[in-house]
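# A structural walkthrough
Chain by chain, the residues run as shown.
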Amino acid sequence: MANVIVIGAQWGDEGKGKITDLLSRSADVVVRSQGGVNAGHTVVVQGQTFKLHLIPSGILYPNTDCIIGSGTVIDPQVLLQEIEQLKALGVSVDKLFISQTAHVTMPYHRMIDRAAEERRGEYKIGTTGRGIGPTYADKSERTGIRVLDLMDVEHLRKQLEWTINYKNVILEKIYNLPSLDPNTVITEYLEYAEQLRPFVIDSALKIYEAVRERKNILFEGAQGTLLDLDHGTYPYVTSSNPIAGGACVGAGVGPTMIDRVIGVAKAYTTRVGEGPFPTESTGEVGKLLCDRGAEFGTTTGRRRRCGWFDAVIGRYAVRINGIDCLAITKLDVLDELEEIKVCVAYQIDGQIRHHFPTNASHFAHCEPMYKTLPGWQQSISHCRSLEDLPKQALDYLKFLAELMEVPIAIVSVGPSRDQTIIVEDPIHGPKRALLDADGTPVTIT
Ligand code: GDP
Ligand code: IMO
Ligand code: MG
């Protein structure tokens, strides 16, 4: 039995969807704990592509319970569309469950998100415009609408009348936007409520029961470590906690119930939206990574910024999340390169720094220090074991494992479920120590 958290170790889009789907084969329950429809997780199986925003990436397995947990924010319109799209592709949603205490994204959240971004001008965050920040802001302010509010018709009417009148003042007076008609919104959301009602449960209780029955539970992170509200590159972050600790809070499980944390990282780095990105390449390398990696946002279609692997943020992700093994994805994207660079440290005001600087202004002007490794210049998409990989690719992986000080459990060499090398099964395999007995980091062999 193992309860495993899968988290993004960079700025999101690391391939969490692919890795979660892969591991879901051994999972009884898959839980999304935070984030909302800002997430876009891609799963490719036998040539068919599934893009998931809120529904856990375990949904393709008919016997796996998929839970949208309490710490998520739910846009009912998008969720219902996602359910319909899956059904149309022949995927059952009979085992989908929605937490009654998750918060609900309302039309005014989307409007305020977009209008606030416009107002920020050059200080904009580059949000997905899906109303995520304002929904979490209402949760913190304690004016949010929860799924259980949607389920109580009379209560919802009263709550929405008050809230929409309050939000209308903000829409009109601050953002110069048209006000919303409470009755129209109430009618729309009552309709959503009826459609969602069969899925709604006490999710923390269901997860606890699964723990008691010693089932395998996977916690699927959304976004990534550097987008974490508390530990990311604030203010260029999302409004939830994508780090491993966030999975416990969002799902409502205690930390003692977690056996393992898997960090998913691309073999290079990408970022969508604004904010500092030390290893970003705006030249040829960035273009090659973007083209070969098809680096366009799953949710917004925006071009992702690309650059070399950054081991400083990698080590930071290992530390902040307690990662015990890594899944390295998109190694095949580097196939053509003659040389591959890895950022091993930063130079800040003439000083060499091996640790992520939490001071945002230091991070914004740090200079990456690179180590250059030879490329393999051949296709690796067909490789299914470490022995199949060219020596240079294996050396590259070993170098990453040594820098990050954790073993690599999975290597992904293409978008499909089968284009994967499993070095060690993170669910059934033995949990390895972070460091060998003599204190040296464990690396892949
Ligand atoms: P997530 O948000 O972390 O689930 O990642 P996304 O799905 O947004 O972005 C990852 C993209 O890379 C998707 O288009 C995947 O199909 C694709 N992908 C995942 N793993 C690999 C891989 O090993 N190689 C290649 N070429 N593409 C991959
Ligand atoms: P997945 O789960 C990559 C980024 C946005 C923006 C910032 C804030 O697919 O990895 P928000 O709409 O959350 O207020 O935007 O966070 N962002 C993501 N970037 N992958 C994601 O999700 C993201 N979700 C949000 O681009 O910079
Ligand atoms: Mg994504």
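Quick summary incoming for the structure in this document. What you see is a predicted model, and the numbers here were worked out from it, not measured in a lab. (Residues numbered from 1 in each chain as written. Chains lettered and ligands numbered in written order. Predicted model: local features only at pLDDT ≥ 70, side-chain atom pairs only at ≥ 80, totals over all residues. Heavy atoms only, no water.)

## Details of the overall build of the chain
The test is simple: A helix here means a DSSP run of H or I that spans at least four residues, while a strand means a run of E at least two residues long, and both kinds are numbered starting from the N terminus. Radius of gyration here uses only the C-alpha atoms, and the compact-globule reference equals 2.2 Å multiplied by the residue count raised to the power 0.38. Partly exposed residues are those whose accessible area sits between 20% and 50% of the maximum for their type, while under 20% is buried and over 50% is exposed, using a 1.4 Å probe and protein chains only. Residue contacts are counted whenever heavy atoms from the two residues lie within 4.5 Å of one another. What sets the accessible areas is the Shrake-Rupley method with a 1.4 Å probe; for residues, cover comes only from the shown protein chains. Counted as positive: Lys and Arg. Counted as negative: Asp and Glu, with His and the chain ends omitted from the count. Charged side chains are reduced to one point each, which is NZ for Lys, CZ for Arg, CG for Asp and CD for Glu.
When its secondary structure is counted, the chain shows 13 helices and 20 strands. Here the chain has a C-alpha radius of gyration of 22 Å; the compact-globule value for 445 residues is 22 Å, and the two agree. In the chain, which comprises 445 residues, the proportion classed as buried is 59%. Across the chain, the fraction of contacts at a sequence separation of at least 24, relative to all contacts at a separation of at least 6, is 75%. A total of about 18300 Å² of accessible surface is found on the chain, and carbon and sulfur atoms cover 50% of it. For the chain, the distance from the average site of its 46 positive side-chain charges to the average site of its 55 negative ones is 1 Å.

## Side note on the pattern of salt bridges
To keep it simple, the criterion reads: Each salt bridge in this description consists of a side-chain nitrogen of Lys or Arg and a carboxyl oxygen of Asp or Glu lying within 4 Å of one another.
Per the stated rule, a full pass over the model turns up 22 salt bridges. Its salt-bridge partner being Arg417, residue Asp21 comes within 2.8 Å of it at the nearest N-O pair. Of the two residues, Asp21 is situated in helix H1 (residues 16-24) and Arg417 in the loop between strand E19 (408-412) and strand E20 (420-422); the sequence distance between them amounts to 396 residues. The exposure class of Asp21 is buried, given its relative accessible area of 1%. Glu295 is the salt-bridge partner of Lys266, the closest N and O atoms lying 3.0 Å from each other. Of this pair, Lys266 sits in strand E11 (residues 260-266) while Glu295 sits in the loop between helix H10 (284-292) and strand E13 (305-307), and the two are 29 residues apart along the sequence. Look at the salt bridges and you will find they share partners, linking Asp13, Lys266, Glu295, Arg304 and Lys330 into a network.

## Details of H10
Going by this rule: It is the directions from the helix axis to the C-beta atoms that the arc portrays.
Among the residues of H10, Gly286, Leu289 and Cys290 are the ones counted as buried. All buried residues of H10 project into a common sector of 95° when viewed along the axis, lining one side. Contacts made by the buried residues of H10 are with E13.

## Description of the coordination of the magnesium ion (ligand 3)
Here is the rule: Counted as donors are the N, O and S atoms within 2.8 Å of the metal, or 3.2 Å for Na, K and Ca, while water is not among the atoms, so some sites may look incomplete.
Donor atoms from the polypeptide that coordinate the magnesium ion (ligand 3) comprise Asp13 (OD) and Gly40 (O), at 2.0 to 2.2 Å from the metal. You can see Asp13 sitting in the loop between strand E1 (3-8) and H1 and its partner Gly40 sitting in the loop between strand E2 (29-32) and strand E3 (41-45), a full 27 residues away along the chain.

## Comments concerning the packing of aromatic side chains
Short version of the rule: Only Phe, Tyr and Trp rings take part, Trp by its six-membered ring, and two of them pair if their centres are within 6.5 Å. Stacked means planes under 30 degrees apart, edge-to-face means over 60, and tilted covers everything else. Placement of a positive charge over a ring is assigned whenever Lys NZ or Arg CZ falls within 6 Å of the ring centre and within 35 degrees of the normal to the ring plane.
In the structure shown here, the tally under the stated rule is eight aromatic pairs. Summarising the aromatic geometry, the rings of Trp162 and Tyr166 are spaced 5.2 Å apart at their centres and angled 25° between planes, so their arrangement reads as stacked. Placement of the pair is Trp162 and Tyr166 together in helix H6 (residues 153-174), with a separation of four residues, close to one helical turn. We classify Tyr166 as partly exposed; its relative accessible area is 30%. Linked through ring pairs, Trp11, Phe277, Tyr316, Tyr346, Phe356 and Phe363 together constitute an aromatic cluster. Positioned above the aromatic ring of Phe97 is the side chain of Lys206, whose terminal nitrogen or guanidinium carbon lies 4.4 Å from the ring centre.

## Observations regarding the pairing of E11
Remark: a regular strand shows side chains that alternate across the two faces of the sheet. Put simply, the test is: A pair of strands is treated as paired once DSSP finds two or more bridges between them.
The element E11 is largely enclosed, with a buried count of seven among its seven residues. In E11, alternate side chains face the same way, and those of Arg260, Ile262, Val264 and Lys266 on one face and Val261, Gly263 and Ala265 on the other are all buried. In this structure, E1 lies alongside E11, joined through five bridges in parallel fashion. Bridging across to E11, Val4 finds its partner in Arg260. With five bridges connecting them, E11 and strand E15 (residues 325-329) associate as parallel partners.

## Things to note about the side chain of Asp149
As a reminder, the rule being used: In protein, a polar contact requires one atom able to donate a hydrogen and another able to accept it; more generally it is a pair of N or O atoms within 3.5 Å, and residues adjacent in sequence count only if both atoms are side-chain atoms.
Structurally, the position occupied by Asp149 is in helix H5 (residues 147-150). A distance of 2.7 Å separates a polar side-chain atom of Asp149 from the backbone nitrogen of Arg146. If near-sequence neighbours (up to four positions away) are discounted, Asp149 is found in contact with Gly144, His155, Leu156 and Gln159.

## Observations concerning unusual backbone geometry
For the bond from Tyr234 to Pro235, the omega torsion is 10°, close enough to zero to count as cis. Inspection of the secondary structure puts Pro235 in the loop between strand E10 (217-220) and helix H9 (244-251). A positive phi is found at Arg214, a non-glycine position, where the angle reads about 55°. As for its position among the elements, Arg214 is in the loop between helix H8 (203-212) and E10.

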